[in-house]
Amino acid sequence: MSNLFPVGRDFMNFGRNFFEDSFDHLLESTSNFNVDIREEEQAYIVEAELPGMSKDSIQLKYEDNVLSIGATQEESKDEKDDKGNYIRRERSTKSFSRQFLLKNVKEEDIAASFENGVLTVTLPKKNSDETTPKQIEIQ
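Residues numbered from 1 in each chain as written. Predicted model: local features only at pLDDT ≥ 70, side-chain atom pairs only at ≥ 80, totals over all residues. Heavy atoms only, no water.

## Some words on the overall build of the protein
Phase 1 of the analysis: Assigned secondary structure in the protein consists of one helix and seven strands.
Phase 2 of the analysis: In the protein, the succession of α and β elements from N to C terminus is α-β-β-β-β-β-β-β.
Phase 3 of the analysis: A burial count over the protein gives 21% of its 139 residues as buried.
Phase 4 of the analysis: Taking the contacts inside the protein whose residues are at least 6 apart along the sequence as the reference set, 47% of them involve residues at least 24 apart.
Phase 5 of the analysis: Per element, the accessible surface of the protein, about 11,200 Å² overall, is 47% carbon and sulfur. (Helix = DSSP H or I, 4+ residues; strand = E, 2+ residues; numbered from the N terminus. Buried < 20%, exposed > 50% of the residue type's maximum accessible area, 1.4 Å probe, protein only. Contact = heavy atoms within 4.5 Å. Areas by Shrake-Rupley, 256 points an atom, 1.4 Å probe, with all protein chains shown as cover.)

This is the structure we're talking about:
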């Protein structure tokens with residue numbers, strides 16, 4: 001009977017480890033995309049790798065000092081027999097999103113481009129003299 005279980009695992013741990021390992025692998029492979037952020041003298045440069053995505057499937061927003069990048073990828077596979085009947089038909093949708101805190105940004109001058117699967121977002125910094133401290137009145 002011991003030949004029915006993987007070496008080094010007992011019956012109670014087999015199912016739990018199998019499903020946890022499978023779920024962890026699924027999360028690692030689909031939950032995020034690679035992002036590089038560089039701080040230059042005049043701007044932040046964000047580069048997000050989104051291979052296989054189209055420009056129309058990407059959502060980009062900057063609000064309350066947070067840059068949000070989202071993308072949705074839809075796939076479908078159809079397999080038919082000689083008569084055109086479906087043998088298998090699959091559809092899936094994957095959503096990805098990341099958020100980054102980037103302060104001191106000139107919101108009106110943010111620019112973005114998408115080329116060869118790489119989204120590049122340039123967030124120009126405000127000049128230090130443009131930021132005026134807010135005086136808070138004590139009541």
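## A word on the pairing of strand E5 (residues 86-101)
Phase 1 of the analysis: Where strand E4 (residues 66-80) and E5 come together, 15 bridges link them in antiparallel fashion. Bridge pairing links glutamate 75 to serine 92 in E5.
Phase 2 of the analysis: Taking the residues that link successive antiparallel strands as the turn, the E4-E5 hairpin has five residues, and the phi of glycine 84 there is positive, at about 85 degrees. (Pairing = 2+ DSSP bridges.)

## Section: the packing of aromatic side chains
Phase 1 of the analysis: If you walk through the whole model with that rule in mind, you get zero aromatic pairs.
Phase 2 of the analysis: Seen from the ring of tyrosine 44, lysine 125 lies directly overhead, with NZ or CZ sitting 5.1 Å from the centre. (Phe/Tyr/Trp six-rings, centres within 6.5 Å; stacked < 30°, edge-to-face > 60°. Lys NZ or Arg CZ within 6 Å of the ring centre and 35° of its normal.)

## Quick look at the side chain of glutamine 73
Phase 1 of the analysis: Of note, glutamine 73 is situated in strand E4.
Phase 2 of the analysis: Filtering out sequence-adjacent residues up to four positions away, glutamine 73 remains in contact with Pro51, Gly52, Met53, Ser92, Thr93, Lys94 and Phe96.

## Here we look at the sheet that holds strand E6 (residues 111-115)
Hydrogen bonds along the backbone pair up the strands of a sheet, which may run parallel or antiparallel.
Phase 1 of the analysis: Here four strands make up an open sheet; going across it, the order is E1-E2-E7-E6 and the pairing antiparallel. Whereas interior strands pair on both sides, the edge strands pair on one side only; in this sheet they are strand E1 (35-39) and E6. Between one strand axis and the next, the sheet turns by 15 degrees as a mean value, whatever way the strands run. (Axes fitted to C-alpha atoms, helices over the stretch in contact; angles between N-to-C directions.)

## Things to note about the environment of alanine 112
Phase 1 of the analysis: With respect to the element layout, alanine 112 can be found in strand E6.
Phase 2 of the analysis: When the C-alpha atoms of alanine 112 and leucine 123 are compared, they prove to be 8.8 Å apart, with eleven residues separating the residues in sequence.
Phase 3 of the analysis: Each residue touching alanine 112, except ones within four places of it in the same chain, is listed here: Leu60, Leu119, Thr120 and Val121.

## Points about the sheet that holds E5
Phase 1 of the analysis: Taken in spatial order, the three strands make up an open sheet running E3-E4-E5, and their pairing is antiparallel. A single partner strand is all that each edge strand has here, and the edge strands are strand E3 (58-63) and E5. In this sheet, neighbouring strand axes are inclined to one another by 10 degrees on average, regardless of whether the strands run parallel or antiparallel.

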